[in-house]
Amino acid sequence: MGFEGKAAIITGAARGIGGEIAIALAKAGADIVLVDVLPQEEIDAAAKEIEATGVRTLALKADVTSMDQMNEVAAKTVETFGNISILINNAGITRDSLALRMTDEQWDLVIAVNLKGTFVATRAVMRQMMKQRAGKIVNIASIVGVMGNAGQANYSASKAGIIGLTKSMAKELAARNINVNAVAPGFIATAMTDHLADNVKEQMLAQIPLKRFGSVEDVSRAVKFLCSEDSAYVTGHVLHITGGMGM
Ligand code: NAI
């Protein structure tokens with residue numbers, strides 16, 4: 001499948017979109033490093049499922065906001081697999097509130113995990129990728145980083161920031177044959193979106209030309225493409241996975 005012998009680090013990999021990306025890359029033959037802040041047992045359980053596909057895994061509890069912890073993740077990956085070929089910056093959180101009521105903590109936490117975490121993890125792996133003169137980095141942004149969304153000033157700013165970061169890193173790393181792209185999913189059915197009220201879900205559905213919510217597989221297939229040699233000439237791009245919402 002073209003991913004054999006390649007190690008992929010996926011942040012926020014214990015469940016949801018990150019978990020599905022991990023499975024998709026494993027099925028394509030990549031060795032998988034799952035990074036998450038959830039309890040170690042939950043990360044181990046996700047890793048076990050992936051090992052069933054026949055690839056090797058590392059299940060690491062680490063916080064993407066910590067440079068030390070992410071440097072440790074990078075070091076363990078190189079020690080175990082001898083390379084870091086792919087980084088998926090997927091870890092992300094929401095702390096929704098109208099701006100009038102948003103606390104400093106809500107603002108700071110979302111920017112720290114979503115935006116700074118993406119930069120920290122990128123910085124942790126880029127030296128190794130530069131040495132290899134090869135690498136694929138895919139950042140999970142969001143369509144609200146393009147369109148904005150009432151009640152998500154912190155989240156949409158973090159995702160718009162990821163889009164700017166993606167383009168800057170694409171320019172900085174292009175000379176070393178490292179592709180940096182982002183995907184901007186729309187409404188994807190996961191734990192993050194489960195708790196939304198039914199009337200909010202109906203309003204969202206009305207804005208989606210393809211008339212359905214996205215699945216985690218819709219996202220993982222696009223991410224796999226951006227990690228493959230089929231997209232070798234694509235960098236600094238933001239691929240919308242939205243069923244047409246926000247075009
Ligand atoms: P999720 O909440 O199911 O999974 C996120 C994972 O990230 C969790 O396992 C969580 O423990 C982990 N995580 C959180 N903080 C972390 C930290 N500091 N360090 C390491 N790991 C951490 O969410 P979901 O829906 O799977 O989202 C994944 C990504 O996709 C996020 O970046 C999200 O913003 C983005 N996204 C999701 C959409 C959706 O509709 N579900 C739409 C657009 C983007």
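In short, a report on the structure. From a predicted model like this one, the values you see are computed outputs, not experimental measurements. (Residues numbered from 1 in each chain as written. Predicted model: local features only at pLDDT ≥ 70, side-chain atom pairs only at ≥ 80, totals over all residues. Heavy atoms only, no water.)

What follows deals with the environment of Ser228. With respect to the helices, strands and loops of the structure, Ser228 is situated in the loop between helix H9 (216-227) and strand S7 (238-241). Owing to a relative accessible area of 12%, Ser228 belongs among the buried residues under this scheme. For the pair Ser228 and Gly2, spaced 226 residues apart in the sequence, the C-alpha separation amounts to 7.5 Å. Side-chain polar atoms of Ser228 contact the backbone oxygen of Phe225, separated by 2.7 Å. (Helix = DSSP H or I, 4+ residues; strand = E, 2+ residues; numbered from the N terminus. Buried < 20%, exposed > 50% of the residue type's maximum accessible area, 1.4 Å probe, protein only. Polar contact = N/O pair within 3.5 Å; in protein donor to acceptor, adjacent residues only side chain to side chain.)

Another point: the sheet that holds strand S3 (residues 57-61). Taking strand neighbours across the sheet as the criterion, the 7 strands line up as S3-S2-S1-S4-S5-S6-S7 in an open arrangement whose pairing is parallel. A single partner strand is all that each edge strand has here, and the edge strands are S3 and S7. Averaged over all pairs of adjacent strands, the angle between strand axes in this sheet comes to 15°, irrespective of strand direction. Pairing of strand S5 (residues 135-140) with strand S6 (residues 178-185) involves 6 bridges; the strand directions are parallel. (Pairing = 2+ DSSP bridges. Axes fitted to C-alpha atoms, helices over the stretch in contact; angles between N-to-C directions.)

Further remarks concern the site of the ligand. Ile17, Asp36, Asn90, Tyr155 and Thr190 are the nearest of the 28 residues found near the ligand. Interatomic distance of 2.9 Å between a side-chain N/O atom of Asp63 and a nitrogen atom of the ligand. Within the backbone of Asn90, a nitrogen or oxygen atom sits 2.7 Å from an oxygen atom of the ligand. Calculation on the ligand without its partners gives an accessible area of 830 Å², and the protein chains cover 95% of this total. Sorting the residues of the shell around the ligand by element identifies helix H1 (16-27), helix H6 (153-173) and helix H7 (191-194) as the ones contributing at least two each. Among the elements that make up the shell around the ligand, the one with the highest residue count is H7 (3 residues). Looking at the shell around the ligand residue by residue, the class counts come to 16 nonpolar, 8 polar and 4 charged. (Near = heavy atom within 4 Å. Areas by Shrake-Rupley, 256 points an atom, 1.4 Å probe, with all protein chains shown as cover. Nonpolar A, V, L, I, M, F, W, Y, C, P; charged D, E, K, R; others polar.)

Here we take up H1. Look at H1: 17 Å from first C-alpha to last across 12 residues, which is about the 16 Å you get at 1.5 Å a residue. With 10 of 12 residues buried, H1 is to be regarded as a mostly interior element. By the burial criterion, the buried members of H1 are Ile17, Gly18, Gly19, Glu20, Ile21, Ala22, Ile23, Ala24, Leu25 and Ala26. Along its buried surface, H1 packs onto strand S1 (7-11), strand S2 (31-36), helix H2 (40-51), strand S4 (86-89), S5 and H9. (Expected span 1.5 Å × (residues − 1). Contact = heavy atoms within 4.5 Å.)

Bringing the packing of helix H4 (residues 104-132) against H6 into the picture now. Two packed helices can be described by the angle between their axes and the distance between those axes. H6 packs onto H4 with a crossing angle of 15° between their chain directions and a minimal axis gap of 8 Å. Taken together, H4 and H6 sit at an angle that is classed as roughly parallel. H4 and H6 meet at a crossing whose hand is right-handed. Of the residues in H6, those touching H4 at Gln106, Trp107, Val110, Ile111, Asn114, Leu115, Thr118, Phe119, Thr122, Met126 and Met130 are Ala153, Asn154, Tyr155, Ala157, Ser158, Lys159, Gly161, Ile162, Leu165, Met169 and Leu173. Of the residues assigned to the contact of H4 with H6, the class counts are 14 nonpolar, 7 polar and 1 charged. (Parallel < 35°, antiparallel > 145°, perpendicular 65-115°, else oblique. Left-handed = near helix turned anticlockwise from the far one by under 90°.)

Interpretation note: all reported values are geometric properties and have no functional meaning in isolation.
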